[in-house]
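# Structural characterization, general
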Amino acid sequence: MSGRVKLFVSVFVLFTFEGCAMLEPMQPTKPAQPPTERPKEPLPPSTKPTYNLMGYPPATQEGYIDGCETAKKSKWGFKDLKRYESDGQYRTGWDDGFFICNRKK
């Protein structure tokens, strides 16, 4: 083996193992809970997400947007717990929005 090949192999092996030594073990993380309160200050209407949900009841549309934005971890993400427990249409929309938008990541 020539000197250049030995040097190349030595450098390659050195950098390969050096990269492995720098890895730290991953710590388990708890899944983030969606916010349960809307922000105190109103968000500008121009930043509000829009979805084509024609044909669905307003409660389902609102739940879908809240669930989808929660999955995207956007500033519009929100889960109205009282409404989620008492309004089946909102709950269905929230669950659908969260599930569908969570898959798109």
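What counts, and where the lines are drawn
- Residues numbered from 1 in each chain as written.
- Predicted model: local features only at pLDDT ≥ 70, side-chain atom pairs only at ≥ 80, totals over all residues.
- Heavy atoms only, no water.
- Helix = DSSP H or I, 4+ residues; strand = E, 2+ residues; numbered from the N terminus.
- Expected span 1.5 Å × (residues − 1).
- Buried < 20%, exposed > 50% of the residue type's maximum accessible area, 1.4 Å probe, protein only.
- Arc of directions from axis to C-beta.
- Polar contact = N/O pair within 3.5 Å; in protein donor to acceptor, adjacent residues only side chain to side chain.
- Contact = heavy atoms within 4.5 Å.
- Salt bridge = Lys/Arg side-chain N within 4 Å of Asp/Glu carboxyl O.
- Disulfide = S-S within 2.5 Å.

## Observations concerning helix α4 (residues 88–103)
For α4, with 16 residues, the first-to-last C-alpha span of 23 Å sits near the 22 Å given by 1.5 Å per residue. Regarding α4, the residues found buried are Y90, G93, W94, G97 and C101. Down the axis, α4 shows its buried residues gathered within 100° of arc, on one side only. Facing away from the buried side of α4, by more than 90 degrees, are the exposed residues F99 and R103. Capping of α4 at its N-terminal end is provided by D87; its side-chain oxygen lies 3.0 Å from the backbone amide nitrogen of Q89.

## Brief notes about helix α2 (residues 58–72)
If you check α2, its first and last C-alpha atoms are 21 Å apart, about what 15 residues at 1.5 Å a residue would give, namely 21 Å. Burial analysis of α2 places 11 of its 15 residues in the buried class, the great majority of the element. The set of residues buried in α2 consists of A59, T60, G63, Y64, I65, D66, G67, C68, E69, T70 and A71. In the core, the buried residues of α2 are packed alongside α3 (81–86) and α4.

## Overview of the pattern of salt bridges
Here the structure, examined in full by the defined rule, presents 3 salt bridges. The shortest N-O distance in the salt bridge between R83 and E62 comes to 2.6 Å. Separated by 21 residues along the polypeptide, R83 in helix α3 and E62 in helix α2 bring together distant segments of the chain. The closest approach of N and O atoms between K72 and E69, which form a salt bridge, is 3.6 Å.

## Comments concerning the environment of D87
Among the structural elements, D87 can be located in the loop between α3 and α4. Through-space distance from the C-alpha of D87 to that of T60 is 9.3 Å; in sequence the pair is 27 residues apart. Within polar-contact distance, the side chain of D87 engages the backbone nitrogen of Q89 at 3.0 Å.

## Some thoughts on the state of the cysteines
Where two cysteines share a covalent bond between their sulfur atoms, that bond is called a disulfide. In total, this model carries 1 disulfide according to the counting rule given. Between the sulfur atoms of C68 and its disulfide partner C101 the distance amounts to 1.7 Å. The sign of the -85° torsion about the S-S bond sets the C68-C101 disulfide as left-handed. Of this pair, C68 sits in helix α2 while C101 sits in helix α4, placing them 33 residues apart in sequence. Judged by its relative accessible area of 0%, C68 falls in the buried class.

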